[in-house]
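# Inside the fold
What follows is each chain in one-letter form.
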Amino acid sequence: MNRSRVQQLAHEMHTDVSVVDRLQDATMLVTSKNYYRRRPQKIRDAEAQRIPVYVLRGNTPPQIRQFLSTLHEPRIGDKPDKFELAMAEAEQAVEQVKEGEDIVELSPQGSYIRRLQHMIAQRSDLSSHSMGRDPHRRVRIFKERER
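What counts and what doesn't
- Residues numbered from 1 in each chain as written.
- Predicted model: local features only at pLDDT ≥ 70, side-chain atom pairs only at ≥ 80, totals over all residues.
- Heavy atoms only, no water.
- Buried < 20%, exposed > 50% of the residue type's maximum accessible area, 1.4 Å probe, protein only.
- Helix = DSSP H or I, 4+ residues; strand = E, 2+ residues; numbered from the N terminus.
- Pairing = 2+ DSSP bridges.
- Axes fitted to C-alpha atoms, helices over the stretch in contact; angles between N-to-C directions.
- Parallel < 35°, antiparallel > 145°, perpendicular 65-115°, else oblique.
- Left-handed = near helix turned anticlockwise from the far one by under 90°.
- Contact = heavy atoms within 4.5 Å.
- Salt bridge = Lys/Arg side-chain N within 4 Å of Asp/Glu carboxyl O.
- Expected span 1.5 Å × (residues − 1).
- Polar contact = N/O pair within 3.5 Å; in protein donor to acceptor, adjacent residues only side chain to side chain.

Both faces of the sheet carry side chains from a regular strand, because those side chains alternate between them. Side-chain alternation along strand 2 (residues 53–56) places Val53 and Val55 on one buried face and Tyr54 and Leu56 on a second face that is also buried. Summarising the sheet, strand 1 (residues 29–32) and strand 2 pair through 4 bridges and their orientation is parallel. By the bridge assignment, Thr31 is partnered in strand 2 with Val55.

Here we come to the packing of helix 5 (residues 82–98) against helix 6 (residues 111–123). Two packed helices can be described by the angle between their axes and the distance between those axes. Put simply, helix 5 and helix 6 touch, their axes get as near as 10 Å, and they point 30° apart. Taken together, helix 5 and helix 6 sit at an angle that is classed as roughly parallel. Of the two elements, helix 5 crosses helix 6, and the hand of that crossing is right-handed. On helix 6, the residues that touch Phe83, Ala86, Met87, Glu89, Ala90, Glu91 and Val94 of helix 5 are Tyr112, Ile113, Leu116, Gln117, Ile120, Ala121 and Arg123.

Turning next to the environment of Ala90. Among the structural elements, Ala90 can be located in helix 5. Here Ala90 falls in the buried class, since its relative accessible area comes to 0%. In this structure the C-alpha to C-alpha distance between Ala90 and Arg39, which are 51 residues apart in sequence, comes to 25 Å. Beyond its immediate sequence surroundings of up to four residues, Ala90 is in contact with Leu106, Gln117, Ile120 and Ile141.

Our next topic: the pattern of salt bridges. One pass over the full model with this rule turns up 8 salt bridges. As a salt-bridge pair, Glu105 and Arg138 come within 3.5 Å of each other at their nearest N and O atoms. Of this pair, Glu105 sits in strand 3 (residues 103–105) while Arg138 sits in strand 5 (residues 138–142), and the two are 33 residues apart along the sequence. Look at Glu105 and you get partly exposed, because its relative accessible area is 35%. Note that Asp134 and Arg114 form a salt bridge whose closest N and O atoms lie 3.6 Å from each other. Of this pair, Asp134 sits in the loop between strand 4 (127–131) and strand 5 while Arg114 sits in helix 6, and the two are 20 residues apart along the sequence. On the basis of relative accessible area, Arg114 is assigned to the buried category, the value being 9%. Taken together, the shared-partner salt bridges connect Glu105, Arg138 and Arg140 into one network.

Taking 1.5 Å of rise per residue, the 17 residues of helix 5 would be expected to cover 24 Å, and the 24 Å separating its terminal C-alpha atoms lies within 8% of that figure. Those residues of helix 5 that fall on the buried side of the exposure criterion are Phe83, Glu84, Ala86, Met87, Ala90, Ala93, Val94 and Val97. Here the buried face of helix 5 lies against helix 4 (61–71), strand 3, helix 6 and strand 5. Phi turns positive, to about 125°, at Gly100, one or two residues after helix 5.

Further remarks concern the side chain of His118. Within the secondary structure, His118 is located in helix 6. At 2.8 Å, the side chain of His118 forms a polar contact with the side chain of Ser130. Residue contacts for His118: discarding those within four places in its chain leaves Ser128, His129, Ser130 and Val139.

Structure follows, in structure tokens:
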């Protein structure tokens, strides 16, 4: 992503972000779909270190703005947004599976949120797949059975 564009948009949106130079200092990696598809070493390193990788369709201001809007902390009294609820649901499902549940089925979501839910499962060494048809398509999280 274009560093100065991200910083400028974050400033305009009054969102506090820190852009770092070293992967070891990062809490997440944000990249474009084109860059991610090439699977460069930086992407592989981030995934190996279990740093969340967020993939945006492009390096455009609307894409970056939309992503930054998902990062803000809700103020007291604000309702948590759909994104935050979906991520929390996936994290909770991971815990349930680790504690012995066979399969946990999440609520229906759009493709972008489902992709992030799959990444949460993968980061926790669990398996997942999407099932159903839109608009009722959902993610199931489960342990991979030993062969």
